[in-house]
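Read off the chains here:
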Amino acid sequence: MKIGIDRIGFATTNKYLDLDDLASARGVDPNKFKIGIGQNKMAVADLAEDIVTLAINSTLEYLAEVDLTKLGLLIVGTESGIDQSKSASLFVKEALNLPNEIRTFEVKEACFGATAGLMMARDYVRAHPNHTAIVIGSDIARYGLQTSGEVTQGAGAVSMLVAGDPHIIAFEEGHASYSEDINDFWRPNNFKTALVDGKYSTEIYLKFFQQTFDTYLAQNKLTADDFAAITYHLPFTKMGLKANRLAVAAAAPDSRARLEDNFEYSTKYGREVGNLYTGSLYLSFLSLLENADTVLQPGARIGFFSYGSGAMGEFFAGELVAGYEQYLKKELHRRMLAERRKLTVAEYEDIFTKTLADLPADIELTSDVTPGKYYFAGQSGFARQYRNKK
Ligand code: CAA
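Just so you know, these numbers come straight off a predicted model, no measurement behind them. Residue indices begin from 1 for each chain and proceed along its sequence in written order. Reporting in this predicted model follows two pLDDT cut-offs: at least 70 for local features of residues, and 80 or more for side-chain atom pairs to be given and counted; totals over whole chains, interfaces and linings ignore these cut-offs and use all residues. Water and hydrogen atoms play no part in the side-chain values, which are based on all heavy atoms of the structure.

Student: Would you explain the sheet that holds strand 2 (residues 15-18) in this entry?
Tutor: Two strands are said to pair when DSSP picks up at least two bridges between them. Counting from the N terminus, the helices are the DSSP runs of H or I reaching at least four residues and the strands are the DSSP runs of E reaching at least two. In spatial order, the strands read 3-2-15; together these three strands make up an open sheet with mixed pairing. In the strand order of this sheet, the two ends are held by strand 3 (41-43) and strand 15 (341-343), each with one partner. Averaged over all adjacent pairs, the angle separating strand axes in this sheet is 40°, with direction ignored. The pairing of strand 2 with strand 3 spans three bridges and is antiparallel. Note that in strand 3 the partner of Y16 across the bridge is A43. Residues count as neighbours in contact if any of their non-hydrogen atoms are within 4.5 Å of one another. Interaxial angles span 0 to 180 degrees and are taken between N-to-C directions of axes, which are lines fitted to C-alpha atoms, for helices over the stretch in contact. Sitting on the sheet, helix 1 (residues 19-26) is in contact with strand 2, strand 3 and strand 15, with an inclination near 50° to strand 2. Along the sheet, helix 11 (residues 345-356) makes contact with strand 2, strand 3 and strand 15, crossing strand 15 at roughly 90°.

Put into structure tokens, the structure is as follows:
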């Protein structure tokens, strides 16, 4: 039985910062951000949004289409968890009213957590062919005001239903993993923003891409010409562009053109929301499917490169399923991005600073999310409360 992604949902915040405005506030040439980094806007999460609300809202996009009697597993991958002990997935499970019988937990390995979850879900469905699994990558990327990583912040979640005989993409057997214990990006327990050796992190990313891509090609007797597209973890789109240049280096001219065009489509959403950490690779995949100017061929092979600092890399691939386009929510996503509120730099700085403060044991929060979406409603005795906006 083929196993893969059957449904996919995406959520981001309802506010953003235009990076032209950030460039002017920081005294930087706007082209550094737009071209040099390859980002236009970044999503900004306020106090009433966290990785739980983003995870819930991304899954609500397709939940009505899920047969809950078959669901056996719920995994949330995140770098920006909301509790040192309790899994974010329990809050998500409760809000979505999922069965108490499912197995559910949170996975951490920087931006790799959702891929770890996806691979576990693939194995789970292989072992339990009548069951399905939900895997969510949800994060708020915070580096801090006036840091070199500031322009590469962002927020959002991508949720995937993993099932047998999937409607969107069926994974090929196998994968190529590579790990090393290094300090390119990390966040000690008492830090709310990431520590990063930025330039080093980009070198390691490329090294891990080359390593896992070469291994995958050798294992499966493939070349770059065999791919319709390769999608990447996009901490910022220029990072993926550098990896894609390595991928196409030995490709035939027509394959190179195809891989370069499809790379551009895969970056459209990432440019608008910034780094989603765990969700970023899967947003690139969704962006490719929803922004390519023609429907991709059934059976087209799509590569996935996942990278989590610290560091863990993995390359895997899948083949698109005929009719996949009927399972996308392109118009909804375009509207969601278009209807966000633009913040001034002063508003962004104020919101950002507030989200770093420790909350008291008891507090009630309100939210301006649209009705029907979930928000973080505050704490009661330090226990987090989530509500559906009426
Ligand atoms: N016009 C066009 N391009 C310009 C320009 C201008 N006016 N001015 C500068 N540039 C270009 C530079 O030439 C450079 O291009 P290349 O990379 O092609 O050489 C690019 O803009 C960036 O310039 P700098 O290297 O000088 O930028 P910086 O010192 O401000 O740092 C960064 C950039 C290292 C990415 C920093 O933003 C950062 O640390 N970000 C966070 C770390 C990160 O995202 N790492 C990615 C790999 S780790 C990972 O993937 C996990 C994860 O999600 C964190």
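Student: What is the right way to look at the sheet that holds strand 18 (residues 383-388) in this model?
Tutor: One open sheet accounts for three strands, arranged 16-17-18; its pairing is antiparallel. Of all the strands in the sheet, just strand 16 (363-364) and strand 18 have a single pairing partner and so form its edges. One ladder, built from six bridges, connects strand 17 (residues 374-380) with strand 18; its direction is antiparallel. Counterpart to S380 in the pairing with strand 18 is A383.

Student: Even after reading the chapter, I still don't get the pattern of salt bridges, so can you show me in this structure?
Tutor: In a structure, side chains of opposite charge can pair up when their charged atoms sit close to one another. Whenever Lys or Arg places a side-chain nitrogen within 4 Å of a carboxyl oxygen from Asp or Glu, that contact is recorded as a salt bridge. Taken as a whole and judged by the stated rule, the model has 21 salt bridges. Across the pair E65 and K329 runs a salt bridge, and its minimum N-O distance is 3.2 Å. Of this pair, E65 sits in the loop between helix 3 (51-60) and strand 4 (71-77) while K329 is found in the loop between strand 14 (312-320) and helix 10 (330-338), placing the two residues 264 residues apart along the sequence. We call a residue buried when its accessible area falls under 20% of the maximum for its residue type, exposed when it is over 50%, and partly exposed in between, using a 1.4 Å probe and counting protein chains only. The partly exposed category is assigned to E65, whose relative accessible area is 40%. On the basis of relative accessible area, K329 is assigned to the buried category, the value being 17%.

Student: It is not clear to me how helix 11 should be interpreted in this structure. Could you clarify?
Tutor: An α-helix turns once every 3.6 residues. As a result, residues three or four positions apart point the same way. The span one expects for a helix is its residue count, reduced by one, times 1.5 Å. For helix 11, which comprises 12 residues, the first-to-last C-alpha distance of 17 Å matches the rise-based estimate of 16 Å (1.5 Å per residue) to within 8%. Residues of helix 11 that are buried include every one of V345, Y348, I351, F352 and T355, and no others. Along helix 11, the residues classed as buried sweep out an arc of 130° about the axis, all on the same side. Buried-residue contacts for helix 11 involve strand 2, helix 1, strand 3 and strand 15. Arc definition: it is the arc formed by the directions from the helix axis to the C-beta atoms.

Student: Please clarify how the site of the ligand should be interpreted in this entry.
Tutor: As a structural note, the neighbourhood of the ligand is formed by 26 residues, with K32, S148, S201, K238 and K242 the closest of them. Any pair of nitrogen or oxygen atoms within 3.5 Å is treated as a polar contact; in protein, a donor-acceptor pairing is required on top of that, and neighbouring residues in sequence qualify only through side-chain atoms on both sides. One of the side-chain N or O atoms of K32 is found 2.8 Å from an oxygen atom in the ligand. Note that an oxygen atom of the ligand is positioned 2.7 Å from one of the backbone N or O atoms of S148. Out of a free accessible area of 1100 Å², the ligand has 74% covered by protein chains. When residues of the shell around the ligand are traced back to their parent elements, those giving at least two are helix 2 (30-37), helix 6 (198-220) and helix 7 (237-248). Any residue with a non-hydrogen atom lying within 4 Å of a molecule or strand is treated as near it. For every accessible area listed, the method is Shrake-Rupley and the probe measures 1.4 Å; residues are considered covered only by the protein chains on display.

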